[in-house]
Amino acid sequence: MPIETTASVVAEVPDDAEFLAVPYASDLIPAHAVDLHLPVGDLLAHYEAKGEAGEIVEVPVARAGGVGRVLLYGVGDGSPRALRKAGAALTRRAKGRDTLTVVPPEGDIAAFAEAALLAAYSFKIGNAGQQSVRALAFAGSDEAQVRRAQTVAQAVALARDLSNTPASVKNPAWLAERAAESGVPVRIWDEEQLQADGFGGILAVGRGSASPPRLIQLSYTPAEPTGRHVVLVGKGITFDSGGLSLKPTDNMKTQKTDMAGGAVVIAVLGVLAALGAPVRVTGLVAAAENMPSGTAQRPSDVIKHYGGRTVEVLNTDAEGRLVLADALAYADAVLDPDVVVDIATLTGAISVALGRSVGAVYASDDVLAKQLLDAGEAGDDRLWRMPLIEDYTPALESSIADLANVEIGSKFGAGSITAALFLREFAGRRPWAHLDIAGVGRSTVDEGTLSKGATGFGVRVLLEWLTRS
Ligand code: BES
Ligand code: MN
Ligand code: ZN
């Protein structure tokens, strides 16, 4: 469900605001001149407030109808990261309330408002839990910044919703229908068309499922195109059981979010117009359900990808790279992009390397890598650059096909790196980057801007990047 909390801008703080948030900095002096008729300095000292981001001192105040509340909130060093923490903490404190009037902090209001909205996100089927605050009213803020924050937060919420939807509902055709609702033109390949055009990787992965695969293409053209063309490719595995290389239950039960990369692509394409992105963007979502059955592909099968390259499938659970290979090869052969970025919950190995807070970026091009790292930092989707280690390329040699989809044995290891090396074979010679979001695609905590389940990681970094370039 989209974020239901509304965000608006009000010119002034109403005198009788029932629920009012006011920032203070580390010197314990209110950062804003709002006359609260309160001994603010004494109160902060009394509660031993330090002014850290996320800290809130709640003060009951007399109001016409009874008792109101003033929330004195710390802003730390005032950096975007600190303001995000402060914004999210406020929304969480305001759970179940009607309107929270917010005197904004100095600094990046878009980051602050975006985090405040994201903290209101929840995914529910049924009536579990408490309602989020109904409305946030930002006093004296720049309207455009708050609108941008709202657009970005709703895009993240859409990516989370698509990913959190159970796979009993969300098959490849369903995902294609959601893409068609994004407001940009789409082209959908069904099974027959995939066959006719030679998308052997997507077909092989989808073969075991009763719900056939799809390739989804979304196209955004800016009002005044710069001539630059970006292709985004998302992994759209609507459920990853592992296929005949079946996963154990504990690993399988999180795999409805294995289309998180595809969800990011759909969500991003849907808001590029609202954010005025100057570049042409084509999104590709390679959607399939990876299931074991009498029609499933087998470990040892050899498949033929778009463009003719053959791959020996030694593990059907390394399916993401097979569907992405087709889409990358198609982008290179047909779409003539200036740059290609793929995003995928590709390997469990990356969460061993980078954990649950930082995503991986691999890149064939240093400039592109730097742009994505910077955009990630600014957008709060933190990335770390991983190396494409040439010495490991023999890991994917096959004796009967052009490539194998996994290493046999563990001479090389480095599961996330070898997966990236596999993808590189299909990306052509264009500047290409690969985001492995398997570690950051899901959250185990309901905290700050995160809610349990899908995170929508990737939406903010890509929107930052695409609206700058
Ligand atoms: N979808 C998984 C990766 C994954 C794991 C995402 C955990 C989110 C959480 C992917 O398709 C997969 O199964 N990868 C295998 C690759 C292996 C067979 C080479 C893995 O990581 O174990
Ligand atoms: Mn898998
Ligand atoms: Zn997968």
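For the structure given in this document, a descriptive report is provided here. Since the structure is predicted, the reported quantities are computational estimates derived from the model, not experimental observations.

1. A word on the sheet that holds strand 4 (residues 66–74)
At step 1: Spatial strand order, 1-6-5-2-4-3: 6 strands in an open sheet with mixed pairing. The open sheet has two edge strands with one neighbour each: strand 1 (6–10) and strand 3 (56–63). Shown here is a sheet whose adjacent strand axes are inclined to one another by a mean of 25°, direction ignored.
At step 2: Here strand 5 (residues 99–102) runs beside strand 6 (residues 135–139); their pairing, made up of 4 bridges, is parallel. When the sheet's bridge partners are listed, Thr101 is paired in strand 6 with Ala137.

2. Quick look at the coordination of the zinc ion (ligand 3)
Ideal values differ by geometry: the angle at a metal is 109.5 degrees with four tetrahedral donors, but 90 or 180 degrees with six octahedral donors.
At step 1: In this structure, Lys235 (NZ), Asp240 (OD), Asp258 (OD) and Glu319 (OE) serve as the protein donors to the zinc ion (ligand 3), at separations of 2.0 to 2.4 Å.
At step 2: Classification of the site at the zinc ion (ligand 3) as octahedral follows from its 6 donor atoms and the range of 78 to 173° in their angles at the metal.
At step 3: Between the zinc ion (ligand 3) and the manganese ion (ligand 2), the interatomic distance is 3.2 Å, and Asp240 donates to each metal, bridging them. Note that Asp240 is positioned in strand 9 (residues 229–240) and Asp258 in the loop between helix 8 (249–252) and helix 9 (260–271), a separation of 18 residues in sequence.
At step 4: With a relative accessible area of 2%, Asp258 lands in the buried category.

3. Observations regarding unusual backbone geometry
At step 1: You will see that Asp380, though not glycine, has its phi angle at about 75°, which is positive.
At step 2: Among the structural elements, Asp380 can be located in the loop between helix 12 (366–379) and strand 15 (383–385).
At step 3: Here Ala414, not a glycine, exhibits a phi torsion of approximately 50°, which is positive.
At step 4: Accessibility expressed as a relative area gives 30% for Ala414, which makes it partly exposed.

4. Looking at the nonpolar core
At step 1: Judged by nonpolar contacts, the single largest core of 83 residues is most densely connected at Leu100, Leu232 and Trp465.
At step 2: Three or more residues apiece are contributed to this core by two domains, here domain 1 (6–141) and domain 2 (156–468).
At step 3: One finds Tyr306, Val313, Ala327 and Ile417 within the second-largest nonpolar core, a separate group that totals 47 residues.

Rules used throughout
Residues numbered from 1 in each chain as written. Chains lettered and ligands numbered in written order. Predicted model: local features only at pLDDT ≥ 70, side-chain atom pairs only at ≥ 80, totals over all residues. Heavy atoms only, no water. Pairing = 2+ DSSP bridges. Helix = DSSP H or I, 4+ residues; strand = E, 2+ residues; numbered from the N terminus. Axes fitted to C-alpha atoms, helices over the stretch in contact; angles between N-to-C directions. Donors = N, O, S within 2.8 Å, 3.2 Å for Na, K, Ca; no water. Tetrahedral: all angles 85-135°; square planar, octahedral: opposite > 155°, others 65-115°. Buried < 20%, exposed > 50% of the residue type's maximum accessible area, 1.4 Å probe, protein only. Core = buried A, V, L, I, M, F, W, Y, C linked by side-chain atoms within 4.5 Å. Domains from an automatic or database assignment.

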